[in-house]
Amino acid sequence: MKLISKAKAFGGEQRVYRHQSKVTGTEMECAVFMPRQALEGFLCPTLFYLSGLTCSWEEVTMQGLPQMHAAKHGMIFVAPDTSPRGDNVADDSAYDLGQAASFYLNASEQPWADHYQMEDYLTSELPALLVDALPVDEDAIGICGHSMGGHGALTLALRHPSVFHSVSAFAPITNPCACPWGRKAFEVYLGADESLWQTHDACVLVGTAGWKGDILIDQGLADEYLEEQLKPWAFEKACREAGVDLTLRLHGGYDHYYHFIASFMADHMEWHALRLE
């Protein structure tokens, strides 16, 4: 990995790395906050944060204030990009498809399959690179995300519990097989067979795969996407039926965006820190 920028923050360093991905066939960037303990070479718990539609790693590092809370807990904070990018990478003019809208899965349909292999990138290639280059404790990696990234955090944790040992989300898309964003992306990336879609739906996965720990979700009640796109009640029901411990916190007046995320980032960082000890 090539270090392309760094800045001092809260006793640690906010870094940005770039590397050539064998999985996506493109250059990929990720932001990494290194707390003081990591700079001194101590193995640290690590939290992956997956961003939502239209975003990259930049929004959370600039608006979510994760560095302050990661420094408090001696935690490395990793914010990957939301998709492969580049002139030769398939894209779409719509904001909810293509570059910055990967839905964190391995696409099987062309032209997307050539580069959109985000599940393999996030669960295999990137963790291995980070463990090799930085003092990441591979037995103490958690995952969190927002909106589309919340969908990614839930599904990747449920599908890869040996990689991710804790999971939380801000306003996640919990039932993509039953919402417009998810159905559109799944048909394009995975094809028309809806049985394949279900293997990337958190409501289905929590029943089929289960989860050995607990899950935290924060949701604003003034979120414009609450009923049509996010459907937290469906995930609450699925967790209850599967016997999975879900803490679903509802917040009056909060919307879908980064003021909401920043307001509860400290709680999520502490949640993961306690579970990755």
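Since the model is a prediction, treat every value here as computed from it, not as a measurement.

Scoring rules and cut-offs
- Residues numbered from 1 in each chain as written.
- Predicted model: local features only at pLDDT ≥ 70, side-chain atom pairs only at ≥ 80, totals over all residues.
- Heavy atoms only, no water.
- Helix = DSSP H or I, 4+ residues; strand = E, 2+ residues; numbered from the N terminus.
- Buried < 20%, exposed > 50% of the residue type's maximum accessible area, 1.4 Å probe, protein only.
- Contact = heavy atoms within 4.5 Å.
- Bend = angle between axes of the 7 residues up to and from the residue.
- Pairing = 2+ DSSP bridges.
- Axes fitted to C-alpha atoms, helices over the stretch in contact; angles between N-to-C directions.
- Expected span 1.5 Å × (residues − 1).
- Core = buried A, V, L, I, M, F, W, Y, C linked by side-chain atoms within 4.5 Å.

In this section: the side chain of His 151. Relative to the elements of secondary structure, His 151 occurs in helix α5 (residues 148-159). Residue classification places His 151 among the buried positions, given a relative accessible area of 1%. Sequence-distant contacts of His 151, defined by excluding residues within four places in its chain, comprise Phe 103, Pro 172, Ile 173, Pro 176, Phe 186 and His 200.

Another point: helix α4 (residues 118-133). Of all bends in α4, the biggest is about 30 degrees, found at Leu 126, and the proline Pro 127 comes one to four residues later. Those residues of α4 that are buried are in contact with β2 (12-20), β3 (27-34), β4 (44-50), β5 (76-80), β6 (136-146) and α5.

With that out of the way, let us pick up the environment of Ala 71. Position of Ala 71 among the secondary structure elements: in helix α3 (residues 66-73). In this structure the C-alpha to C-alpha distance between Ala 71 and Ala 38, which are 33 residues apart in sequence, comes to 9.9 Å. Beyond its immediate chain neighbours, meaning those up to four positions away, Ala 71 contacts Phe 10, Phe 33 and Pro 35.

Right, let's talk about the environment of Gly 207 for a bit. With respect to the helices and strands, the residue Gly 207 is situated in helix α8 (residues 202-208). The class of Gly 207 is exposed, set by a relative accessible area of 54%. Sequence separation of Gly 207 and Cys 239 is 32 residues, and the distance between their C-alpha atoms is 7.2 Å.

Another point: the sheet that holds strand β7 (residues 167-170). Hydrogen bonding along the main chain pairs the strands of a sheet, whether they run parallel or antiparallel. Sheet architecture is open: 9 strands sit in the order β1-β2-β3-β5-β4-β6-β7-β8-β9, paired in mixed fashion. The sheet terminates laterally at β1 (2-9) and β9 (245-251), the two strands that pair on one side only. Going across the sheet, the axis of each strand differs from the next one's by a mean of 20 degrees, ignoring polarity. Here 7 bridges tie strand β8 (residues 214-220) to β9, and the two strands are oriented parallel to one another. Each residue of the ladder has a partner; that of Gly 220, found in β9, is His 251. Together, β4, β6, β7 and β8 form the strand contacts of α5, whose direction differs from that of β6 by roughly 140 degrees.

Taking 1.5 Å of rise per residue, 18 residues should cover 26 Å, and helix α11 (residues 258-275) covers 25 Å from first to last C-alpha, within 8% of that figure. Where α11 bends most, at Phe 264, the angle is about 45 degrees. Taken together, the buried positions of α11 are occupied by Tyr 258, Phe 260, Ile 261, Phe 264, Met 265, His 268, Met 269, Trp 271, His 272 and Ala 273.

Turning next to the nonpolar core. Core analysis: the largest hydrophobic core is formed by 90 residues, its most contacted members being Phe 103, Tyr 189 and Phe 235. When residues of this core are assigned to their parent elements, the largest contribution, 7 residues, is made by α11. In contact with Phe 103, not counting residues within four places along its chain, are Leu 53, Asp 96, Met 148, His 151, Ile 173, Trp 181, Gly 182, Ala 185, Phe 186 and Tyr 189.

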